[in-house]
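# Reading the structure
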Amino acid sequence: MLDLAKYDSLGAALRDALGHWPEEVCLIEADRDRERSRLTYRQFGEAAEPVAAALEESGLAVGDRAAIIMTNQPKWLISAYAVFFAGGVLVPLDYKLSASEHLQLLAHSKAQVLFVEYPFWRAITQAPAFREHKLRMVLVTEAPPNADLAGGVRWEGFRGARAPEFRPRAQTDTACIVYSSGTGGHPRGCVLTHDNYLEQCAAVAPVFPFWPGARYLSIIPTNHAIDFMGGFLMPFTGGGTVVHLRSLRPEFIREAFTKYKITYMAVVPLILKNLQRGLREKFAALPAAKRKMLDALIGVNRAFTHGKPRPALSRMLLKDVHKAFGGGLQALLVGGAFTEPATIEFFHDIGIPIYNGYGCTEACTAITLNDLRPFRPDTVGKPVRGMEIRIVEPDADGIGEVSVRSKTVMSEYLDDPEMTAETIVNGWLMTGDLGRVDATGHLQLFGRKKNMIVTAEGKNIYPEDIENNFEGIATKEFCVFAANYIWPQHTMTGEQLVLVLRLEPGHTVNDMLLKELSRRNAQLLNYKRVSGYVLWDQDFPRNAAMKIRRVILAGQIGKQLDRNAMVSL
Amino acid sequence: MKTIEQTTDEILNLAATQFKFPRADLQPGDDFYKKLGIDSLQALELLTRLENHFGVELPDYEVQGVNDFHTLATRIQARL
């Protein structure tokens, strides 16, 4: 890995990376079963530098902002590299947002340049707010031959005539503006500096190293902090390879594991649970004798890997399982939302280490990472290098708001001094998450600060904590809220928890489900039990990382359902 | 050449079979996420099945933001 302490900016570090491993494969782009392109680091530079030159020739000044709306693909990284090379500030946007949300964030970020895939641009040009956009230049990728680009120009023809001039930036200069959430009138644009990123790379590298030949399968959208690190900065500064799939159907992801011998993949919990379900079904279909043998091998593997992962041993013991993952998989990284310990345990037992962690965009991704030495699925790991954690106003159980201080913490929310002042207090980032640090320094999380209840006995109950107890009930999706969070009553007494159930279409609450709910509820300590349920007939709103957007969902339920709709359990 | 009505009808048949849903309850204007109660990964699985049936390839972006059978049918029809 490059010695990142030497560099002042991402542009400088990435430029050196290209020269460091010129003949190593940097990017592989596949579409279904076809490989579309494969670039070495040298070829990557040859593709990116003309784009940087064109940006400079067309007037991009140092500090100008350039946004990207693209799916995970090489042109994303080539464009980002060109922006850093030319001294610009990158604004990575979530391609899954709607066209009007895109326009809202483009306006909020004051981006002057936009790199965009044609289908997204086509949608943006049709949105009502399009006429008000202030973009100076739009580079459209993969547009059909006769497409109307509505003022945009083709990315493929956007090449400068001369060699670009590398424009250095200082460590404290802004590298990226990343939206952590909030398109509903209150966008949170995290202003992250070059130093934030360089520090984060150096902090994560010991747990999550890259080397020439290591391959990362990039499926979490690259605008997301996890993929920006795992699918760009980390592999580039370590000489690894990023594999992009143009179609993210589950069957192509499975194929890619074996075809490209993937070393790492980052996933959100939803995908991890899907993988788990698939494997469980396969295991269940095995003949009894084979199943018995498998269970025995899993037991042996569990015993030998508790202290630390032993990939070679696990691969030998559970050969067939590992073959399906390509045989070279070192670890799956899970983030973006809280992952149930049971899911992590399932993969750990079959010898596929799951590195879970905890982080947020405001702290430039990772705050803690589980190093699996030893395996502690009940926690989100220990702070990464250079990260200080303080639990603010801990209760009798040591649980309080997690606040962090490190060189990776953003400088501010863009153009929002008020929210910045609420979030960064005396140099400490207030995460809004509740946690406790145990005797071994591992962080355990207990939900969010605001959506919670305090019982008459003075016990704090966190709905996300309760949810684990209802996993697997016969619904399409469900979640637990503090009833007062949905229907505010401004009272601190008589608070209740409510289970929000979205049933499978055509299903009703039958006796079997009711019995199961009661049974699960009864397993909880009495003060943790939910008081009742409401039925909800719409998909839960989720963000790109598939996290439930709880504030929005609570707002929707509060508007459309009365508190009386709650059925007692 | 199939008509758009035929294409739509075949999509509804395939969706009903795949998700074990009564065919008679599916209409072209239905939001398939809501009506079938499926998530985005399941929608991608349906897409693969439709591609195999119609012998076309649909890039993921062509169906991003599409929730109803009719629009899906027009996207497929355009590639037949």
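Predicted, not measured: the structure shown is a model, and the values here were computed from it. (Residues numbered from 1 in each chain as written. Chains lettered and ligands numbered in written order. Predicted model: local features only at pLDDT ≥ 70, side-chain atom pairs only at ≥ 80, totals over all residues.)

## Describing the overall build of chain A
Within chain A, the secondary structure is distributed over 18 helices and 28 strands. Scaling as 2.2 N^0.38, a compact globule of 569 residues should have a C-alpha radius of gyration of about 25 Å, and chain A matches this with 24 Å. Counting only C-alpha atoms, chain A reaches 70 × 55 × 50 Å along its principal axes. The buried share of chain A, taken over its 569 residues, is 48%. (Helix = DSSP H or I, 4+ residues; strand = E, 2+ residues; numbered from the N terminus. Rg over C-alpha atoms; globule rule 2.2 N^0.38 Å. Buried ≥ 20, exposed ≤ 12 C-beta atoms within 10 Å, placed from the backbone.)

## A short note on the domain arrangement of chain A
On domain assignment, one finds that chain A holds domain 1 (4–23 + 38–193) and domain 2 (453–568). Look at where the C-alpha atoms of domain 1 of chain A and domain 2 of chain A centre, and you get two points 41 Å apart. (Domains from an automatic or database assignment.)

## Some points on the interface of chain B and chain A
Contacts between chain B and chain A engage 10 residues on the former and 13 residues on the latter. Looking at the side of chain B that touches chain A, the elements that each hand over two or more residues are α2 (32–36), α3 (40–54) and α4 (60–63) of chain B. It is α3(B) that contributes the most residues to the side of chain B that touches chain A, 4 residues altogether. Of the residues belonging to the side of chain B that touches chain A, the class tally is 5 nonpolar, 2 polar and 3 charged. (Contact = placed C-beta atoms within 7 Å. Nonpolar A, V, L, I, M, F, W, Y, C, P; charged D, E, K, R; others polar.)

## Some thoughts on the sheet that holds strand β25 (residues 477–482) of chain A
All names here are of chain A. Reading across from one edge, β25-β26-β27-β28 is the order of the 4 strands in this open sheet, with mixed pairing throughout. Edge positions in the open sheet fall to β25 and β28 (567–568), since each of these has one partner strand only. Two elements, strand β26 (residues 497–502) and strand β27 (residues 532–535), share 4 bridges in a ladder whose sense is parallel. Bridge assignment links Leu501 to a residue of β27, and that residue is Leu535. (Pairing = 2+ DSSP bridges.)

## Section: the nonpolar core
All names here are of chain A. Ala82, Leu90 and Val204 are the most contacted members of the largest nonpolar core, which has 147 residues in total. Here the element with the most residues in this core is helix α3 (residues 74–85); it accounts for 9 residues. The residues contacting Val204, other than those within four sequence positions of it, are Met229, Met234, Ala366, Leu369 and Val384. Judged by nonpolar contacts, the second largest core, of 23 residues, contains Ile466, Ala483, Leu497 and Trp536. (Core = buried A, V, L, I, M, F, W, Y, C linked by C-beta atoms within 7 Å.)

## Observations regarding the packing of helix α2 (residues 41–57) of chain A against α3(A)
All names here are of chain A. The geometry of α2 relative to α3 is characterised by a closest axis approach of 8 Å and an angle of 55 degrees between their N-to-C directions. By the angle between their axes, α2 is oblique relative to α3. In the crossing of α2 with α3, the sense of the turn from one axis to the other is right-handed. In this structure, α2 contributes Phe44, Ala47, Ala48, Val51, Ala52 and Leu55 to the contact, and α3 contributes Ile78, Ser79, Tyr81, Ala82, Val83 and Phe85. (Axes fitted to C-alpha atoms, helices over the stretch in contact; angles between N-to-C directions. Parallel < 35°, antiparallel > 145°, perpendicular 65-115°, else oblique. Left-handed = near helix turned anticlockwise from the far one by under 90°.)

## A word on helix α18 (residues 550–560) of chain A
Residues and elements named next belong to chain A. Those residues of α18 lying buried are Leu553, Ala554 and Ile557. Buried residues of α18 fall within an arc of 100 degrees about the axis and therefore sit on the same side. In this structure, the buried side of α18 is in contact with β25, α16 (483–486), β26 and β27. (Arc of directions from axis to C-beta.)

## Structural notes on unusual backbone geometry
Working note: non-glycine residues mostly have negative phi, and peptide bonds are mostly trans. All names here are of chain A. In this structure, Pro374 follows Arg373 across a cis peptide bond, with omega equal to 5 degrees. In this structure, Pro374 sits in the loop between β15 (365–369) and β16 (382–383). The phi dihedral of Leu372 falls on the positive side, at around 65 degrees, and the residue is not glycine. Take Leu372: it is sitting in the loop between β15 and β16.

## So, the environment of A:Pro221
Residues and elements named next belong to chain A. By the secondary structure assignment, Pro221 is in the loop between β10 (215–218) and α7 (225–238). Put simply, Pro221 and Asn468 are 247 residues apart on the chain and 27 Å apart in space, counted from C-alpha to C-alpha. Each residue touching Pro221, except ones within four places of it in the same chain, is listed here: Asn72, Asp94, Tyr95, Lys96, Asp227 and Ala544.

## With respect to the pairing of β15(A)
All names here are of chain A. Of all 5 residues making up β15, 5 are buried, and the element is well covered by its neighbours. With 4 bridges joining them, strand β14 (residues 354–360) and β15 adopt antiparallel strand pairing. In the sheet register, Gly357 faces β15, and the bridge partner there is Leu369. Between β14 and β15, which pair antiparallel one after the other, the connecting turn spans 4 residues, and Cys364 there sits at a positive phi close to 65 degrees.

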